[in-house]
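Listed below are the residues making up each chain.
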Number of protein chains: 2
Amino acid sequence: MKKKTTIYDIAKELGITVSTVSRALSGFPAISKATRQAVEEVAERLNYSPNKLASALKSGKSFIVGVIVPSIEAHFFASIIHNIEEGLKDSGYRIILFQSKESIENEIKGVKTLLEAQVDGIMASMSLETNDISHFEEIIKQNKPLIIFDRVNQEINVPTITLNDYQAGYIATEHLIKQGYKNIAFITTIHQIKIFKDRLEGYKDALKANGMIIQERNIIFSDLSIKDGRYGAGRLMRNKDKPDAIIAGDDFTALGVIKKLNETGETPPKIGVIGFANEAFSAYITPSLSTINQYPAQIGTSCAEMFLQMVAKQNPYDDIRNIILEPTVVERQSTNIDALKH
Amino acid sequence: MKKKTTIYDIAKELGITVSTVSRALSGFPAISKATRQAVEEVAERLNYSPNKLASALKSGKSFIVGVIVPSIEAHFFASIIHNIEEGLKDSGYRIILFQSKESIENEIKGVKTLLEAQVDGIMASMSLETNDISHFEEIIKQNKPLIIFDRVNQEINVPTITLNDYQAGYIATEHLIKQGYKNIAFITTIHQIKIFKDRLEGYKDALKANGMIIQERNIIFSDLSIKDGRYGAGRLMRNKDKPDAIIAGDDFTALGVIKKLNETGETPPKIGVIGFANEAFSAYITPSLSTINQYPAQIGTSCAEMFLQMVAKQNPYDDIRNIILEPTVVERQSTNIDALKH
DNA sequence: ATGAAAGCGCTAACAG
DNA sequence: CTGTTAGCGCTTTCAT
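Residues numbered from 1 in each chain as written. Chains lettered and ligands numbered in written order. Predicted model: local features only at pLDDT ≥ 70, side-chain atom pairs only at ≥ 80, totals over all residues. Heavy atoms only, no water.

With an unreviewed UniProt entry as reference, chain A is termed LacI family transcriptional regulator, source organism Pedobacter mendelii.

Here it is, written out as structure tokens:
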């Protein structure tokens, strides 16, 4: 393998110095047109490829941003990442990806790894296990932009892009009430993540606002998965005054609920079911699943925008904004009880 | 922002030199236990975090591998990436992600970007547009590992991890024949990607082997998407001797086919439908979709293994292996014609 | 077992 | 408009 060409090779070839070459290549204005063209021509001919590592080491800017998500396999996060990349692409920033797999240990390792890689900033959505945020503080201490999206844990004082999860819980519940359901259950996670607490509050307040009673046995704390959905539905259906509608913590859990109900013959919309996140499959299952649209594309776009603003400032944290997106209900068959009346 | 601690700070603190600190920190054997412990203690106390960029610049190894996929939003690729990360994690390698979005222009830019970031190797699945592979040759020229997975274009002489796509086409067709379907259509892409050609060959050979005739009007070349599936199904159903089964280029296309057939009342399995890739939704749509399992987890794991082997060698390309995984049929309702007989 | 010193490829302040 | 020079933080050869 022959040695790679550097700006020294180009300089030697043209009998000029590396600084001139460096300037010519980086679009420095005070360079004669002739020199610039000559440099570009030789760079091309020698198949020059800049070493961004060296550049990053010297300039202190790597043009890499780290992204930490629980899992890339949830379409919600894949979509966010897709849109972060999209929003960043004209700025020259690239992404290093890290999956926490819902483990705080991995998340800590992720932050450490990304910091060692000298990323210029980090965007993260917290794992379900995350109850302590000290590992994120190192990023702030280094004065690098940290943006938390979707899964916010507690009072971490950085910009956040979140959904109005209280509202999400509220409108999901309200939608079911409007459809005519009277006894609405709620399956959520045992973990202390703010968004899930908020949804639960929204649920409770919507019930209250409509003169309904909050029954503790209608609220199930478990994990969120297809399996947990089946289990939760089974448990709820064994209650003496079993619910006529179920709000599930995410679409996967809702899918489990539906599968269980399909088996027991109480196929939705007989029992209403609504999920969260509008996963790829949700429109296509039977019955199709009503859900809450969480606008991952906007979240990704906002993350990118926010990052570019922060990184341009002397102090990224001098004007901390918290963007809150408003969720909407996606009405599908699983809550369309009217369809049964015909 | 206070300056970050470097090995110089540690050295000064202890009255030793940076070389000793560097050795102590990197597990060099010929270091006294006392020194090593002292270094570790001070590193901890000063909150030292190594600058991997500097290390990479000097040593020529960045411990980053670039991954290029068409889109992270297809579960197939998300799963591969997940498993690459998993397979690499103990080795200290991290991933920089790049999405080509099925555009060769993006793919070229991706290779360039990753090379400039001094990745130690690249794993890529080609875009549908990719008909020229010269941009990949630069990676080989730099003697860095290049591994192509799933989407292989033509005779590129690097290690590959692929599915036996001929076999995939063959068993998909054979499955339909065994189920009793007699007139089987095929929707595929217009693009010149090897895997799609291979599947088509498998389809044709399976028909021949079973004494069936290959009808050109039963083969549709279009794009692959839900929309194209609807369109393709519509076109096929207008043929005079319309098919009684359709093989769709991927599960999204198959979904479009099913939606169209559901509307026209020829709901599968009346018309048999099978897809490729076993997407997240395929088990949950109605009717559930028979498909070909393409084992993304194994592909990802194999990529990681292969990379680690290559990177450990003087010449990564001295023993080029091509791993071929065998697909299997996932039988679900959309091809279960027996169910209609009861 | 440890130190001295060179240098990876690039940028940027200063000088001219 | 261009050259000189120092140095980013680390690894590594050669000494001792």
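Let's pick the thread back up.
**Q** Tell me about the pairing of strand β9 (residues 272–276) of chain A, and name the residues and values.
**A** Residue and element names in this part refer to chain A. A large share of β9 lies buried, amounting to five of its five residues. The two faces of β9 match: Gly272, Ile274 and Phe276 on one face and Val273 and Gly275 on the other face are all buried. Sheet topology note: the strand β8 (residues 245–248)/β9 ladder contains three bridges and is parallel. Counterpart to Ile246 in the pairing with β9 is Val273. Between the parallel pair β8 and β9, the chain is carried across by helix α11 (residues 251–264), and the sense of this crossover is right-handed. (Buried < 20%, exposed > 50% of the residue type's maximum accessible area, 1.4 Å probe, protein only. Helix = DSSP H or I, 4+ residues; strand = E, 2+ residues; numbered from the N terminus. Pairing = 2+ DSSP bridges. Right-handed = clockwise from strand over helix to strand, strands pointing away.)

**Q** Can you explain the protein's contact with DNA strand D? Please cite residues and give values.
**A** What surrounds DNA strand D is a group of 24 residues, the closest being A:Ser19, A:Thr20, A:Arg23, A:Lys58 and B:Tyr48. Among atoms of DNA strand D positioned within 4 Å of the protein, sugar and phosphate together represent 58%. One of the backbone N or O atoms of A:Ser32 is found 3.2 Å from a phosphate oxygen in DNA strand D. Note that a phosphate oxygen of DNA strand D is positioned 2.7 Å from one of the side-chain N or O atoms of A:Thr35. Where the surface near DNA strand D is concerned, the elements lending two or more residues are α2 (18–25) and α4 (52–59) of chain A together with α1 (7–14), α2 (18–25) and α4 (52–59) of chain B. In terms of residue class, the surface near DNA strand D is made up of nine nonpolar, ten polar and five charged. (Near = heavy atom within 4 Å. Polar contact = N/O pair within 3.5 Å; in protein donor to acceptor, adjacent residues only side chain to side chain. Nonpolar A, V, L, I, M, F, W, Y, C, P; charged D, E, K, R; others polar.)

**Q** So what's going on with the environment of B:Glu216? Which residues, and what values?
**A** Here B:Glu216 shows up in the loop between α9 (194–209) and β7 (219–222). Here the alpha-carbon distance between B:Glu216 and B:Phe186, two residues 30 residues apart in the chain, equals 9.7 Å.

**Q** Please set out the protein's contact with DNA strand C residue by residue, giving values where relevant.
**A** The environment of DNA strand C is formed by 25 residues, the closest being A:Tyr48, B:Thr20, B:Arg23, B:Thr35 and B:Lys58. Among the atoms of DNA strand C lying within 4 Å of the protein, the sugar-phosphate backbone contributes 61%. Contact distances for DNA strand C include 3.0 Å between a phosphate oxygen and a backbone N or O atom of B:Thr17. At a separation of 3.2 Å, a base nitrogen of DNA strand C approaches a polar side-chain atom of B:Lys58. Elements supplying a minimum of two residues to the surface near DNA strand C: α1 (7–14), α2 and α4 of chain A together with α2 and α4 of chain B. Residue classes in the surface near DNA strand C are distributed as nine nonpolar, eleven polar and five charged.

**Q** Tell me what's going on with the relation of the copies chain A and chain B, and back it up with residues and numbers.
**A** Laying chain A over chain B is done by rotating through 180 degrees and shifting 0.1 Å along the axis; what remains is an RMSD of 0.1 Å. Here the transformation between the copies is reduced to the relation of a two-fold axis. Comparing interface residues between copies, 100% of those in chain A also sit at the interface in chain B, which points to an isologous, same-surface contact. (Least-squares fit on C-alpha atoms with pLDDT ≥ 70 in both. Contact = heavy atoms within 4.5 Å.)

**Q** Quick one: what's the story with the pattern of salt bridges, residue by residue and with numbers?
**A** Residue and element names in this part refer to chain A. In total, this model carries 30 salt bridges over all chains according to the counting rule given. Taking the shortest distance from any N to any O, the salt bridge between Arg45 and Glu41 comes out at 3.2 Å. One end of the pair is Arg45 and the other is Glu41, both in helix α3 (residues 33–45) and four residues apart, which spans about a single turn. Take Arg45: its relative accessible area is 47%, and that puts it in the partly exposed class. Taking the shortest distance from any N to any O, the salt bridge between Glu102 and Arg151 comes out at 3.0 Å. With Glu102 in the loop between β2 (94–99) and α6 (104–116) and Arg151 in the loop between β4 (146–149) and β5 (160–163), the pair connects residues that are 49 residues apart, well separated along the chain. (Salt bridge = Lys/Arg side-chain N within 4 Å of Asp/Glu carboxyl O.)

**Q** Describe the side chain of B:Ser62, with residues and values.
**A** If you trace the backbone, B:Ser62 turns up in the loop between α4 and β1 (64–69). If we skip the residues at most four places from it in the chain, B:Ser62 touches A:Leu53, B:Ala56, B:Arg94, B:Gln118, B:Val119 and B:Asp120.

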